[in-house]
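# Coordinate analysis (summary)
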Amino acid sequence: MAPGKMTPAVNLVKWWKAYVPVKGQVTRTISPFQQDVLTPFIKSAPEQLKHKITDNLLDVGPALLLGFGIMSWANAEHEKEAKKHRH
């Protein structure tokens with residue numbers, strides 16, 4: 001065995017036979033402890049949220065208003081029908 005060359009586990013020999021490394025390709029890795037995945041998202045979340053709300057307010061706002069109005073009207077009618085027999 002050449003120095004620095006590792007052999008795969010016995011159960012993976014068949015799978016690794018098909019692997020052909022790309023010549024000249026540089027692969028780099030970063031330690032999981034150095035990765036910072038959530039911090040940029042958390043820092044930019046309020047600005048992105050404000051942007052999404054203001055961009056879509058004219059599209060979604062009227063529908064939400066109409067839906068809330070219909071729901072309020074339907075609840076009032078239901079209450080009126082439910083109490084109608086009491087008088």
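Refer to the structure presented above.
A brief look at the structure comes next.

## Observations regarding the overall build of the protein
Tallying secondary structure elements over the protein gives two helices and zero strands in all. Whereas a compact globule of 87 residues would reach a radius of gyration of roughly 12 Å, the protein reaches 31 Å, over 25% beyond that. Overall, the C-alpha framework of the protein stretches about 95 × 35 × 25 Å when taken along its three principal axes. Scored against the burial criterion, the 87 residues of the protein give a buried share of 0%. As presented, the protein carries roughly 9100 Å² of accessible surface, and 65% of it is formed by carbon and sulfur atoms. Of the side chains in the protein, 12 bear a positive and 7 a negative charge, and the two mean positions are spaced by 20 Å.

## Let's talk about helix 2 (residues 38–84)
Taking 1.5 Å per residue as the helical rise, helix 2 with its 47 residues ought to reach 69 Å, whereas the 56 Å between its terminal C-alpha atoms falls clearly short. Considering bend angle alone, the principal kink of helix 2 is centred on Leu-57 and spans about 70 degrees.

## Side note on the pattern of salt bridges
Enumeration according to the criterion identifies three salt bridges in this entry. Lys-83 is the salt-bridge partner of Glu-79, the closest N and O atoms lying 3.8 Å from each other. Here Glu-79 pairs with Lys-83, and both are found in helix 2, just four residues apart, close to one helical turn. According to the relative accessible area criterion, Glu-79 is partly exposed, its value standing at 41%.

## Overview of the packing of aromatic side chains
Summed over all chains, the structure comprises two aromatic pairs. Considering the side-chain rings of Trp-15 and Trp-16, the 4.8 Å spacing of their centres and the 85 degrees angle between planes classify their relative orientation as edge-to-face. Between the aromatic rings of Trp-16 and Tyr-19, the centroid separation amounts to 5.0 Å while the plane-to-plane angle is 75 degrees, which identifies the pairing as edge-to-face. We classify Trp-16 as partly exposed; its relative accessible area is 36%.

Analysis parameters
Residues numbered from 1 in each chain as written. Predicted model: local features only at pLDDT ≥ 70, side-chain atom pairs only at ≥ 80, totals over all residues. Heavy atoms only, no water. Helix = DSSP H or I, 4+ residues; strand = E, 2+ residues; numbered from the N terminus. Rg over C-alpha atoms; globule rule 2.2 N^0.38 Å. Buried < 20%, exposed > 50% of the residue type's maximum accessible area, 1.4 Å probe, protein only. Areas by Shrake-Rupley, 256 points an atom, 1.4 Å probe, with all protein chains shown as cover. Lys, Arg positive; Asp, Glu negative; His and termini not counted. Charge placed at Lys NZ, Arg CZ, Asp CG, Glu CD. Expected span 1.5 Å × (residues − 1). Bend = angle between axes of the 7 residues up to and from the residue. Salt bridge = Lys/Arg side-chain N within 4 Å of Asp/Glu carboxyl O. Phe/Tyr/Trp six-rings, centres within 6.5 Å; stacked < 30°, edge-to-face > 60°.

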